[in-house]
Amino acid sequence: MDPLTENFLTKTPKNGNKFIAGTILTEDEGPEEKIFSTYWDFVGFGERNVAKAEKLVADAPVYATGRVRAATYEGKDGTTKATLKVFGDIGLLNSVPPD
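It should be emphasised that the depicted structure is a prediction, and the values quoted were computed from it without experimental measurement. (Residues numbered from 1 in each chain as written. Predicted model: local features only at pLDDT ≥ 70, side-chain atom pairs only at ≥ 80, totals over all residues. Heavy atoms only, no water.)

A.B. asks: So what exactly am I meant to see when it comes to the nonpolar core here?
C.D. replies: In terms of nonpolar packing, the biggest core is built from 10 residues, these being Phe8, Ile20, Ile24, Phe42, Val50, Ala53, Leu56, Val62, Val86 and Ile90. When contributions to this core are tallied by element, the ones reaching two or more residues are strand S3 (19-29) and strand S6 (80-92). Val86 has contacts with Trp40, Asp41, Phe42, Val43, Ala64, Thr65, Gly66, Arg67 and Val68, leaving out every residue within four places of it along the chain. (Core = buried A, V, L, I, M, F, W, Y, C linked by side-chain atoms within 4.5 Å. Buried < 20%, exposed > 50% of the residue type's maximum accessible area, 1.4 Å probe, protein only. Helix = DSSP H or I, 4+ residues; strand = E, 2+ residues; numbered from the N terminus. Contact = heavy atoms within 4.5 Å.)

Structure representation (structure tokens):
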């Protein structure tokens, strides 16, 4: 179960093709019980994604499928940082019980 970190937003660029955008958080346990957090920026095009926007609220359990793009950039502190972006489809996991 991967929760959203914020409500998804519906955006409309100049060409009029609406899309949604938001961030998904995944957390995995590593050595010595350290938790590794990964933030995935998500972009979903098409009515099938836009229609779900109002239900995609913070802490909702979701899944995302699609094409992943990774990139690096230099942070304000001078260190190299990584970004992960998913372009595809998103859905709610309705049958997952709350923690």
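Still to come is the rest of the account.
A.B. asks: Just checking my understanding: could you explain the pattern of salt bridges for this structure?
C.D. replies: Proximity of charged atoms lets side chains of opposite charge pair with each other. Applying the stated criterion across every chain yields a total of 2 salt bridges. Notably, a salt bridge pairs Asp89 with Arg48, separated by 2.5 Å at the nearest N-O pair. Of this pair, Asp89 sits in strand S6 while Arg48 sits in helix H1 (residues 47-50), placing them 41 residues apart in sequence. A relative accessible area of 25% places Asp89 in the partly exposed class. Among the residues examined, Arg48 registers a relative accessible area of 53% and is labelled exposed. With its nearest N and O atoms 3.9 Å apart, the salt bridge here joins Asp77 to Lys81. Looking at Asp77, the relative accessible area reads 53%, which means it is exposed. The exposure class assigned to Lys81 is partly exposed, which follows from its relative accessible area of 33%. (Salt bridge = Lys/Arg side-chain N within 4 Å of Asp/Glu carboxyl O.)

A.B. asks: What should I look at first to understand the environment of Gly88 in this one?
C.D. replies: Looking at where Gly88 falls in the secondary structure, it is placed in strand S6. Through-space distance from the C-alpha of Gly88 to that of Phe45 is 7.2 Å; in sequence the pair is 43 residues apart. Setting aside chain neighbours within four positions, we find Gly88 in contact with Phe42, Val43, Gly44, Phe45, Asn49, Thr65 and Gly66.

A.B. asks: I tried to follow unusual backbone geometry on my own but got confused; where do I start?
C.D. replies: Its identity is not glycine, yet Glu32 carries a phi of approximately 55°, on the positive side. Residue position: Glu32 is located in the loop between S3 and strand S4 (35-45). Non-glycine residue Asp59 carries a positive phi angle of around 70°. On the basis of relative accessibility, which here comes to 61%, the residue Asp59 falls in the exposed class.

Geometry only, nothing functional implied.
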